[in-house]
Amino acid sequence: MEDFIRKLARIEKLFFPIFFLLAPPLFPSILFENHGLVASSFTHSKSGSSSTQIGIRFLPDFSLSHNFSNSRSLEGEISFNTYFTANFPSSKEPILKGRIKPYRLSLKYSSSRFETRIGLQKISFGSASLIRPLMWFDRIDPRDPIQLTDGVYSLLIRTFIAKKTNLWFWVLYGNEDPKGWEVFPTERKSPELGFRNQIPVGKGELAFSFHHRKGFFHKKDNSDNIFLNSPSNGDFKFSEERYALDGKWDIGVGVWFEAVFSNQRSPNFIYPWQRSFTAGIDYTFPIGNGVHFLTEYFMNDLSKKLFSKEKSPSSQFLALSLSYSASLLDTLSAIIYYDSKNRNFYNFARWQRNYDRWSINLIAFSNPEEFRIYKIPEGNFFTGKGFLLMIVYNY
């Protein structure tokens, strides 16, 4: 399996650039599209000391597609995440960062009841919106205007058995860095396997998900981890299995839940089980153009056994979201998180104006200096108190 996936990855990296260059002139029936976005941002925050950041991001996206008979199609996508930031701390020299990296690189074949995609892609599922235990392969922040998230190198197969019954199967390879909620990286040259089965239940749907991977503990990066039996033992490997149940229903109000149980099988962990749960509701009140209300409750802890009462201190969050369309162009929204353990509030308010291609976002935030909700590899610009102005152009 490992050799097969490695060969597919090599073929993909060599084949895709050539395919995108030669396909349009050689195959006139193939539809070629070029779109993407350019986002510029200005952030000023105070977290201990004042800091100002200016950034620009360019995400070009190129796609090819060809429709066969009998609802079958073949699609290819390639895009890049190009960004540059200049950070001006009040007491330090300016910090300049820039990078160009692949964002999406995939090939998809689909029919009326079948879909398979291979390459660098986004895999996201689940019912929750604000705090998602099922954020396994992405890191989408609901407050981010462009909903940016890295993809994973994977093979994804989906079959649609009926209207709301479907089965997912995936194989991941070459994603060593932590993703989603992961703390420890994945062992190099080790495939990850999983599946998801979704079925209709009443006026909604219920789904079961499973994922397996081999993790790797680096002592040098986690020497102070308090949840290890013997922190001085050095590096070690472990197997991890995740089990999840989630559902969503419309019963006049929308209701949903996500429950995830993860087992890290190694005697080095004091608490090998992690338990996460989110429950939420939403409703649109008929006030003016409609006020959308959404709230979720989240809890997470570590335990010695799946149903053990002996556990580590848990974390609990209550999240609230309100949004209102003030006009055809203007939307007002707010998100509040409350950390009941540390008694901290995370506050976020946004005014957004949308044109055909332009979007203007003015965001104010007031958060603790130590951010405990989302892990963002490129840094978190919502730490402390401040504001963010982001202008997005979609082409």
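Above this note sits the structure.
Everything numeric in this text was worked out from a predicted model, so none of it was measured.

Calculation notes
Residues numbered from 1 in each chain as written. Predicted model: local features only at pLDDT ≥ 70, side-chain atom pairs only at ≥ 80, totals over all residues. Heavy atoms only, no water. Salt bridge = Lys/Arg side-chain N within 4 Å of Asp/Glu carboxyl O. Helix = DSSP H or I, 4+ residues; strand = E, 2+ residues; numbered from the N terminus. Buried < 20%, exposed > 50% of the residue type's maximum accessible area, 1.4 Å probe, protein only. Core = buried A, V, L, I, M, F, W, Y, C linked by side-chain atoms within 4.5 Å. Pairing = 2+ DSSP bridges.

K.L.:
Give a detailed account of the pattern of salt bridges, specifying residues and quantitative values.
P.N.:
Under the defined criterion, the tally for this structure stands at 16 salt bridges. A salt bridge links Arg213 to Glu182, with the nearest nitrogen and oxygen atoms 3.6 Å apart. Of this pair, Arg213 sits in strand β9 (residues 204-217) while Glu182 sits in the loop between β7 (166-172) and β8 (192-201), and the two are 31 residues apart along the sequence. Both residues of the pair, Arg213 and Glu182, belong to the buried class. Taking the shortest distance from any N to any O, the salt bridge between Glu182 and Arg242 comes out at 2.4 Å. Of this pair, Glu182 sits in the loop between β7 and β8 while Arg242 sits in strand β10 (residues 236-250), and the two are 60 residues apart along the sequence. Overall, Glu182 belongs to the buried group, its relative accessible area being 6%. Looking at Arg242, the relative accessible area reads 4%, which means it is buried.

K.L.:
Hey, could you go over the nonpolar core for me, with residue numbers and the actual values?
P.N.:
Counting residues in hydrophobic clusters, the biggest one holds 25 residues, and the most contacted among them are Leu130, Ile131, Phe317 and Tyr337. Among the elements of the structure, β1 (31-47), β13 (291-303), β14 (315-325), β15 (330-339), β16 (344-354), β17 (358-366) and β18 (385-394) are those that each provide at least two residues to this core. Considering every element that reaches this core, the biggest residue donor is β18, with 3 residues. Judged by nonpolar contacts, the second largest core, of 12 residues, contains Phe125, Phe137, Leu156 and Ala244.

K.L.:
Help me get a handle on the pairing of β13, residues and values and all.
P.N.:
Sheet topology note: the strand β12 (residues 273-285)/β13 ladder contains 13 bridges and is antiparallel. When the sheet's bridge partners are listed, Trp273 is paired in β13 with Ser303. Where β12 hands over to β13, the hairpin turn is made up of 5 residues, of which Gly288 adopts a positive phi near 60°. With 10 bridges connecting them, β13 and β14 associate as antiparallel partners. Each bridged residue has a counterpart across the sheet, and for Glu296 the counterpart in β14 is Ala319.

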